[in-house]
Amino acid sequence: MKDFISINSCSSEQLNELLDLSIELKKLYKSGDRDLCLAGKTLIMLFEKPSLRTRMSFQVAMTNLGGSGIYVKPEDIGGIGKREPVKDIARVLSRYAHGIMARTFEHDTVTQLAKYAQVPVINALTDWSHPCQAMADVLTIREHKGKLNGIKIAYIGDGNNMARSLAFVCAKLDMKLALAAPAGYQLDDDSIKIANDVAPGTVTSTNDPACAVTDADIVYTDTWTSMGQEDEKQKRIKDFEGFQVNTELLKSAPKDAKIMHCLPAYRGLEITDEVIESDNSIIFDQSENRLHFQRALLKKLLS
Ligand code: CP
Ligand code: NVA
């Protein structure tokens, strides 16, 4: 495993190994002991979009493992693939750093970086997928539910990068995903097929949120307007009417269903403040686990 670009190109064994390592490193972190396996190593972090969690958790993870992270905003290098081709950026950065992490609009930018870089490349979100978040999410579910096998996630909202990465991770780890989205916003058939070819029956798709949350162990949502879609925001708010995760919808879910959101959340749109702040919400554990999963990933790829 040189790079971490998409969950569907990892084996179940590799994913489980990363989760086991995350748990081991999290224990060490909580005990106050340090693992300096990345002493002297550098991760270059390229961003085309804003970030709180991804940027900070990767930077803290590198520092904590004894290395360092360098944050690069697109203006600093004249844009990724604009001032010079992606393949040249990949090869130049490989001469300076031990790893490259990138958050881009086009997924192809990250795959091109991986193709030409001699060092590991990590996908820190593209328009197509968000694998680091999905792995932190299943780590969080494993901690709260004690297992992953047979767990059902109901994902209410846009069939976006987050929904796709959850579909892939559920297929690899014997989980189920019930997607509920309005017409025109469902996860594409190709992605559902990729997941269901790995494990038949993993992903189901409906436009009835109440039906999706029945028997769900987890109720998950994400923004209706992803980064780059800001011009569509008003239309999307109308189109997603009836798809809010709120107290009314949760009456159709089991009482102990946990609530998840990758954040940032738009309170009053895809989810209410009340639900985010409720006892069943494990949203901030999810955010914390970005750090623990990524420490494991960095140790695995860079040390
Ligand atoms: N969940 C997530 O990736 O958050 P950021 O956009 O703040 O990194
Ligand atoms: N779907 C969202 C996820 C943010 C972490 C976006 O791409 O903006």
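Up top is the structure.
In this convention, every chain numbers its residues from 1, walking through the sequence in written order. Throughout, the order in which chains and ligands are written sets their labels, letters from A for the former and numbers from 1 for the latter. Selection of residues for local features in this predicted model requires a pLDDT of at least 70, selection of side-chain atom pairs for listing and counting requires 80 or more, and totals for whole chains, interfaces and linings are taken over all residues. Remark: hydrogens and water are excluded; side-chain values derive from all non-hydrogen atoms of the structure.

## Observations regarding the environment of A180
We count it as follows: Secondary structure counts use DSSP, requiring at least four H or I residues in a row for a helix and at least two E residues in a row for a strand, with both numbered from the N terminus. Burial classification: accessible surface area is computed with a 1.4 Å probe over protein chains only, and a residue below 20% of its type maximum counts as buried, one above 50% as exposed, and the rest as partly exposed. For this analysis, residues touch if any pair of their heavy atoms sits within 4.5 Å.
Inspection of the secondary structure assignment puts A180 in strand 6 (residues 176-180). Residue A180 is classed as buried on the basis of its relative accessible area of 0%. When the C-alpha positions of A180 and F4 are compared, they lie 28 Å apart, and in sequence the two are 176 residues distant. The residues contacting A180, other than those within four sequence positions of it, are Y155, I156, G157, T206, D208, P209, A212 and F243.

## Looking at the environment of Q294
Tracing the backbone through its elements, the reader meets Q294 in helix 12 (residues 283-302). Since its relative accessible area comes to 0%, Q294 is described here as buried. As for Q294 and C132, which are separated by 162 residues in sequence, their C-alpha atoms are 7.2 Å apart. Not counting the four nearest positions on each side in its chain, Q294 is found in contact with T54, S57, F58 and C132.

## Quick look at the pairing of strand 1 (residues 42-47)
Here is the rule we go by: Should DSSP find at least two bridges between two strands, the strands are regarded as paired. The definition of a right-handed crossover adopted here requires that, viewed with the strands pointing away, the path from the first strand over the helix to the second runs clockwise.
Across the 6 residues of strand 1, 6 count as buried, placing the element largely inside the fold. Here strand 1 shows a buried face lined by T42, I44 and L46 and a second buried face lined by L43, M45 and F47. Pairing geometry for strand 1 and strand 2 (residues 68-72), over 5 bridges, is parallel. By the bridge assignment for strand 2, L43 is matched with G69. In this fold, strand 1 hands off to helix 2 (residues 53-64), which returns the chain to strand 2; that crossover is right-handed. With 5 bridges joining them, strand 1 and strand 3 (residues 99-103) adopt parallel strand pairing. Bridge pairing in strand 3 places I44 opposite I100.

## What about the site of ligand 2?
Definition in use: By convention in this text, a residue qualifies as near a molecule or strand provided that one of its non-hydrogen atoms is within 4 Å of it. The definition of a polar contact used here is a pair of N or O atoms within 3.5 Å, where within protein one atom must be able to donate a hydrogen and the other to accept one, and adjacent residues in sequence count solely through side-chain atom pairs. The accessible surface values rely on the Shrake-Rupley method and a 1.4 Å probe; as for residues, cover is taken only from the protein chains in view. Side-chain classes follow a simple rule in which Ala, Val, Leu, Ile, Met, Phe, Trp, Tyr, Cys and Pro form the nonpolar group, Asp, Glu, Lys and Arg form the charged group, and the remainder, Gly included, forms the polar group.
Taken together, L125, H130, N160, N161, D222, T223, S226, M227 and L263 are the residues near ligand 2. Within the contact set of ligand 2, an oxygen atom lies 2.8 Å away from a backbone nitrogen or oxygen of M227. Notes on ligand 2: free accessible area 270 Å², of which the protein chains cover 95%. Of the residues belonging to the shell around ligand 2, the class tally is 3 nonpolar, 5 polar and 1 charged.

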